[in-house]
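# Geometric and topological summary
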Amino acid sequence: MSFYTKIQQILYVLLLNRVLDPLIFGDYPSEMRHYLGNRLPRFSSSESNFMKDGIDFIGVNHYTTTYAKDCIHSTCSLTGNRAINGFLDTTRERDGIPIGEPTGIEVMRVVPRGMREMVEYLKKRYDNKPMFVTENGMLK
């Protein structure tokens, strides 16, 4: 696994899996336990069983895609360089090149591959659980 793929995977854990894993698998992702340790609450067996398979489908809201930046080996914003964020930050450019075309909102870019990558990731991680794109778009 490449360095960038590992960073992307950690970002998915922190943005997606922290919500979906308890609802589908009954517990937080192991990566979150690694970063947050005892600060992350533990579920009892009955709580875990109650939550497991607790949703019928995944609703996807997707507006833009960003790069993930490693804050352990790079300079990051104050909010990115924290364990709760997996010591990751997000950025809209790499080596001075924007990730996509601008939109009417400064922090958003047009990055069609981002939707495809996220849907493929969710499909694989959550065993093809039914999925609906509930929101998607941008302003011009």
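Look above for the structure.
Residues numbered from 1 in each chain as written. Predicted model: local features only at pLDDT ≥ 70, side-chain atom pairs only at ≥ 80, totals over all residues. Heavy atoms only, no water.

As for its placement among the helices and strands, T103 is situated in the loop between β6 (101-102) and β7 (109-110). A distance of 3.0 Å separates a polar side-chain atom of T103 from the backbone oxygen of I105. At 3.2 Å, the side chain of T103 and the backbone oxygen of M108 are in polar contact. (Helix = DSSP H or I, 4+ residues; strand = E, 2+ residues; numbered from the N terminus. Polar contact = N/O pair within 3.5 Å; in protein donor to acceptor, adjacent residues only side chain to side chain.)

An α-helical turn contains 3.6 residues, so any two residues separated by three or four positions project in the same direction. Counted at 1.5 Å a residue, the expected span for helix α4 (residues 112-125) with its 14 residues is 20 Å, and the 21 Å between its end C-alpha atoms agrees. Listed in full, the buried residues belonging to α4 are G114, M115, M118, Y121 and L122. Viewed end-on, α4 has its buried residues packed into an arc of 135 degrees, placing them on one side of the element. Away from its buried face by more than 90 degrees, α4 exposes P112 and K124. (Expected span 1.5 Å × (residues − 1). Buried < 20%, exposed > 50% of the residue type's maximum accessible area, 1.4 Å probe, protein only. Arc of directions from axis to C-beta.)

Right, let's talk about the nonpolar core for a bit. By size, the foremost hydrophobic cluster in this structure holds 12 residues: Y12, L16, L20, I24, I55, I58, V60, M115, M118, Y121, L122 and Y126. Every residue in contact with Y12, bar those within four places of it in the chain, is listed here: N17, E117, M118 and Y121. Counting residues in each nonpolar core, the second largest holds 5 residues, with V13, M32, Y35 and L40 among its members. (Core = buried A, V, L, I, M, F, W, Y, C linked by side-chain atoms within 4.5 Å. Contact = heavy atoms within 4.5 Å.)

Attention now moves to the pairing of strand β1 (residues 58-62). Burial along β1 is one-sided: the face carrying I58, V60 and H62 is buried and the face carrying G59 and N61 is not. Sheet analysis places β1 next to strand β8 (residues 131-136), joined by 5 bridges and oriented parallel. Paired with G59 across the bridge in β8 is F132. (Pairing = 2+ DSSP bridges.)

With respect to the helices, strands and loops of the structure, D89 is situated in strand β3 (residues 88-91). Judged by its relative accessible area of 16%, D89 is buried.

Applying the stated criterion to the full structure yields 3 aromatic pairs. Taking 5.1 Å as the distance between ring centres and 25 degrees as the angle between the ring planes, the aromatic pair formed by Y28 and F43 counts as stacked. Of this pair, Y28 sits in the loop between α1 (3-24) and α2 (30-36) while F43 is found in the loop between α2 and α3 (45-51), placing the two residues 15 residues apart along the sequence. With a relative accessible area of 25%, F43 lands in the partly exposed category. (Phe/Tyr/Trp six-rings, centres within 6.5 Å; stacked < 30°, edge-to-face > 60°.)

With that settled, the discussion passes to the pattern of salt bridges. Applying the stated criterion across every chain yields a total of 5 salt bridges. The salt bridge partner of D21 is R125, with a shortest N-O separation of 2.6 Å. Of this pair, D21 sits in helix α1 while R125 sits in helix α4, placing them 104 residues apart in sequence. Residue R33 is joined to D27 by a salt bridge in which the shortest nitrogen-to-oxygen separation is 2.8 Å. (Salt bridge = Lys/Arg side-chain N within 4 Å of Asp/Glu carboxyl O.)

By themselves, these figures tell us nothing about what the structure is for.
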